[in-house]
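Reading the structure
Listed below, chain by chain, are the residues.
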Amino acid sequence: MSSALTDLFPHPIVQAPMAGGVSVPQLAAAVAEAGGLGFLAAGYKTADGMYQEIKQLRGLTGRPFGVNLFMPQPEYADAAAVDVYAHQLAGEAAWYETELGDPDSGRDDGYDAKLAVLLDNPVPVVSFHFGVPSGEVLESLRRAGMFTLVTATTPDEALAVQRAGADAVIVQGVEAGGHQGTHRDNPETDGTGIGLLSLVAQVRETVSLPLVAAGGIMRGSQIAAALAAGASAAQLGTAFLATQESGANAVHKQALTNPLFVRTELTRAFSGRPARGLVNRFMREHGPYAPAAYPEIHHLTSPLRKKAASSGEPQGMALWAGQGHRMARDLPAGQLVEVLAAELAAASTALSAFPQGGAGR
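In this text, all values refer to a predicted model and were calculated from it rather than measured experimentally. (Residues numbered from 1 in each chain as written. Predicted model: local features only at pLDDT ≥ 70, side-chain atom pairs only at ≥ 80, totals over all residues. Heavy atoms only, no water.)

Here's the deal with the environment of G110
You can see G110 is positioned in the loop between α5 (90-95) and α6 (111-120). Since its relative accessible area comes to 28%, G110 is described here as partly exposed. Here the alpha-carbon distance between G110 and I297, two residues 187 residues apart in the chain, equals 18 Å. (Helix = DSSP H or I, 4+ residues; strand = E, 2+ residues; numbered from the N terminus. Buried < 20%, exposed > 50% of the residue type's maximum accessible area, 1.4 Å probe, protein only.)

Dropping the structure here:
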């Protein structure tokens, strides 16, 4: 892996940027101080809100960290389909005694303003989700001293990342919690995602860039497997969502290991884009009818999700989680990094001790 990135953090462990108030400065700082790469999530924040979190994080640690941006989304949503879904959600609004959100609240997530802030106040690492920045943007960030990563969910997407000039690819398997970082939201590809280890191996043979593996990773032994498949580091989200410094709602944290929530699914119910979460009532009732309309559906359901969270009702919340959620550990984030690093070292030692050529030799 390029030393420009590996020199930034001792352990090949990246804390995923989780939007919605999970990846707070305290979490990123704890991960960074323990030797991992902490991340802030700029998604759904204003440019000033992002800047204030960067300032806060810099006050907590002098170690390198990253900031994640959402790419602006093209306008192709079917307004009539959004209206039909809003009508379907009327009962939810009545139940939670709140109004539905305005689906036309913006599509670019303040992208240009956030780029301007970062160029004026460079951070060590910047990553992108939901698409590929232009070559000009990536080059401007590089000139300012920032290392750039872009999420890809297929080998073709990884190739697009390389062609654009990014420094590394975040390879996201279908096991990952939260939103899939597909470059184009095509409903015809729903349910066709590739598992992480297979995807890492395929991308490794497609591009020459360093790879960061993401998707369902909860143990150091899984990090070892990802590294063996061709990645140079692993990005973990759900594992850090459960930590004490995480800004996730307490109900969300508890749901990760609650026996009531036995599985995850990809759904468009909460945002209009495929995202993996714990299967609950809202997902079961509305997921089959949610249109491909992001961020319109995200804006539409936002008041419902916030009211459910404030009421402590997990059945109405977006309980984002990866497939390994039942392996979540309630630990301080720094301790989790140390445990993962120890598990990785043990797995690597065991692998190196295995006879070359297999047991038959």
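Observations regarding the layout of surface pockets
In this model, the largest pocket occupies a volume close to 1100 Å³. If you go around the largest pocket, you meet 47 residues; those closest to its centre are M18, A19, G20, V22 and W320. Every element with two or more residues in the lining of the largest pocket is listed here: β3 (65-70), β4 (125-129), β6 (168-172), β7 (178-179), β9 (233-236), α11 (238-241) and α14 (296-310). For the lining of the largest pocket, the element with the highest residue contribution is α14, accounting for six residues. For the lining of the largest pocket, the per-class residue count stands at 22 nonpolar, 23 polar and two charged. Along the wall of the second largest pocket there are 23 residues; nearest its centre are T189, D190, G191, T192 and G193. (1 Å grid on protein atoms, 1.4 Å probe; cavity = no way out; pocket = protein on both sides within 12 Å on 5 of 7 lines; lining within 4 Å. Points joined across faces, edges and corners; volume = space filled by probe spheres on them. Nonpolar A, V, L, I, M, F, W, Y, C, P; charged D, E, K, R; others polar.)

Things to note about the environment of A228
Checked against the element boundaries, A228 lands in helix α10 (residues 220-229). Judged by relative accessible area, which is 58%, A228 ranks as exposed. The spacing of A228 and S348 is 120 residues in sequence and 9.2 Å in space, taken between C-alpha atoms.

Quick word on the sheet that holds strand β11 (residues 275-278)
Across the sheet, which stays open at both edges, the three strands sit in the order β7-β11-β10 with antiparallel pairing between neighbours. In the strand order of this sheet, the two ends are held by β7 and β10 (264-267), each with one partner. Pairing between β10 and β11: four bridges, direction antiparallel. Paired with E265 across the two strands is G277, which belongs to β11. (Pairing = 2+ DSSP bridges.)

Here we look at the nonpolar core
Core analysis: the largest hydrophobic core is formed by 100 residues, its most contacted members being V67, L69, F128, L236 and F240. In terms of residues, this core owes the most to one element, helix α15 (residues 333-353), which gives six residues. If we skip the residues at most four places from it in the chain, L236 touches I13, V14, Q15, A16, I217, M218, I223 and L340. If you look at the next biggest cluster of nonpolar residues, it comprises 13 residues, including F39, V125, F147 and V212. (Core = buried A, V, L, I, M, F, W, Y, C linked by side-chain atoms within 4.5 Å. Contact = heavy atoms within 4.5 Å.)

Quick notes on the packing of α10 against α15
Direction vectors running N to C along α10 and α15 enclose 55 degrees, while the axes themselves pass 7 Å from each other. Overall, the two elements α10 and α15 adopt an arrangement that is oblique. The crossing of α10 and α15 is right-handed. Residue-level inspection shows G220, S221, I223, A224 and L227 of α10 in contact with α15, the latter providing L340, E343, L344, A347 and S348. Class assignment of the residues belonging to the contact of α10 with α15 gives a composition of six nonpolar, three polar and one charged. (Axes fitted to C-alpha atoms, helices over the stretch in contact; angles between N-to-C directions. Parallel < 35°, antiparallel > 145°, perpendicular 65-115°, else oblique. Left-handed = near helix turned anticlockwise from the far one by under 90°.)

A closer look at the sheet that holds strand β2 (residues 38-41)
Taken in spatial order, the eight strands line up as β1-β9-β8-β6-β5-β4-β3-β2 in an open sheet, and their pairing is parallel. Both edges of this open sheet fall to β1 (13-15) and β2, since each of them pairs with a single strand only. Pairs of neighbouring strands in the sheet enclose a mean axial angle of 25 degrees, with direction left out of account. Of the strand pairs in this sheet, β3 and β4 are connected by five bridges, and their pairing is parallel. Counted as the bridge partner of V67 is V126 from β4. Contacts from helix α8 (residues 155-164) reach β5 (147-152) and β6, with the element oriented near 155 degrees to β5.

With respect to α6
For α6, the set of buried residues is Y111, K114, L115, V117 and L118. Seen end-on, α6 carries its buried residues on one side only, within an arc spanning 160 degrees. Away from its buried face, by an angle of more than 90 degrees, α6 presents the exposed residues D112 and D120. Packed against the buried residues of α6 are α3 (47-60), β3, β4 and α7 (135-143). (Arc of directions from axis to C-beta.)

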